[in-house]
Amino acid sequence: MPRTLTVLLLALLGAVGLGGCSSVDEPEASAVAQRFLALAQSDTQAACALLAPQTVQHLQDDGGSCPKGLQAAQPPRGGTVRSVTVAINSAQVVMGDQAVFLARYDHGWRVTAAGCKRESSDDAIPYSCTLEGS
């Protein structure tokens, strides 16, 4: 069942705005999002390695293990990358009709939420995601 992505993440992305973008980081964030969605369909163990720690924990709480939780969450397949926005240590990759959110860690970009869709055209209304950390 889809969950609502917290307003905090949206506020963070909105607060830094486009002024905090780093075009250098966009290709890496985009590549991680694309790879995660591809692996989520074929190799859930490898896909779990691309998730943020809190997202892994959430999947373990829901399914007993990250791969089982990821199978149950069933994030949609990726699509053509339409946009990438990087704001300091957060990123949003819009692919097809979904958004993937990422956070930067010491070991690189990790997916925090996937399968995210807008429920409203009002930016104050958070995304609904098939996969997210708590």
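The numbers attached to residues start from 1 for each chain and follow its sequence in the written order. pLDDT decides what is reported in this predicted model: residues at 70 or higher carry local features, side-chain atom pairs at 80 or more are listed and counted, and totals for whole chains, interfaces and linings draw on all residues regardless. The side-chain values count all of the structure's non-hydrogen atoms but skip hydrogen atoms and water molecules.

1. Some details on the pattern of salt bridges
(1) Moving on: Salt bridge, as used here, is a side-chain nitrogen of Lys or Arg placed within 4 Å of a carboxyl oxygen of Asp or Glu. By the definition in use, this model includes three salt bridges.
(2) Moving on: Between K117 and D97 there is a salt bridge, with the nearest N and O atoms lying 3.1 Å from each other. In this pair, K117 is assigned in strand β5 (residues 108-118) and D97 in the loop between β3 (90-95) and β4 (98-105), connecting sequence segments 20 residues apart.
(3) Moving on: For the salt bridge of R118 with D123, the shortest nitrogen-to-oxygen distance reads 3.4 Å. By the criteria applied, helices consist of DSSP H or I runs no shorter than four residues and strands consist of E runs no shorter than two, each listed in order from the N terminus.

2. Some thoughts on the environment of T85
(1) Moving on: Counting through the fold element by element, T85 comes out in strand β2 (residues 81-87).
(2) Moving on: We call a residue buried when its accessible area falls under 20% of the maximum for its residue type, exposed when it is over 50%, and partly exposed in between, using a 1.4 Å probe and counting protein chains only. When its relative accessible area of 21% is taken as the criterion, T85 is described as partly exposed.
(3) Moving on: Sequence spacing of T85 and D25 is 60 residues, and the spatial spacing of their C-alpha atoms is 9.2 Å.

3. Re the pairing of β4
(1) Moving on: Within β4, six of the eight residues are buried, which leaves the element mostly enclosed by the surrounding structure.
(2) Moving on: In the sheet, β3 pairs with β4 via six bridges, with the strands oriented antiparallel. Bridge pairing links A91 to L102 in β4.
(3) Moving on: In this scheme, strands are said to pair when DSSP sees at least two bridges between them. Adjacent in sequence and paired antiparallel, β3 and β4 are bridged by two residues, among which G96 carries a positive phi angle near 60°.

4. Here's the deal with the environment of A91
(1) Moving on: Considering the arrangement of structural elements, one finds A91 in strand β3.
(2) Moving on: The exposure class of A91 is buried, given its relative accessible area of 0%.
(3) Moving on: Separated by 21 residues in sequence, A91 and T112 place their C-alpha atoms 9.7 Å apart.

Such coordinate-based values are descriptive only and should not be taken to indicate function.
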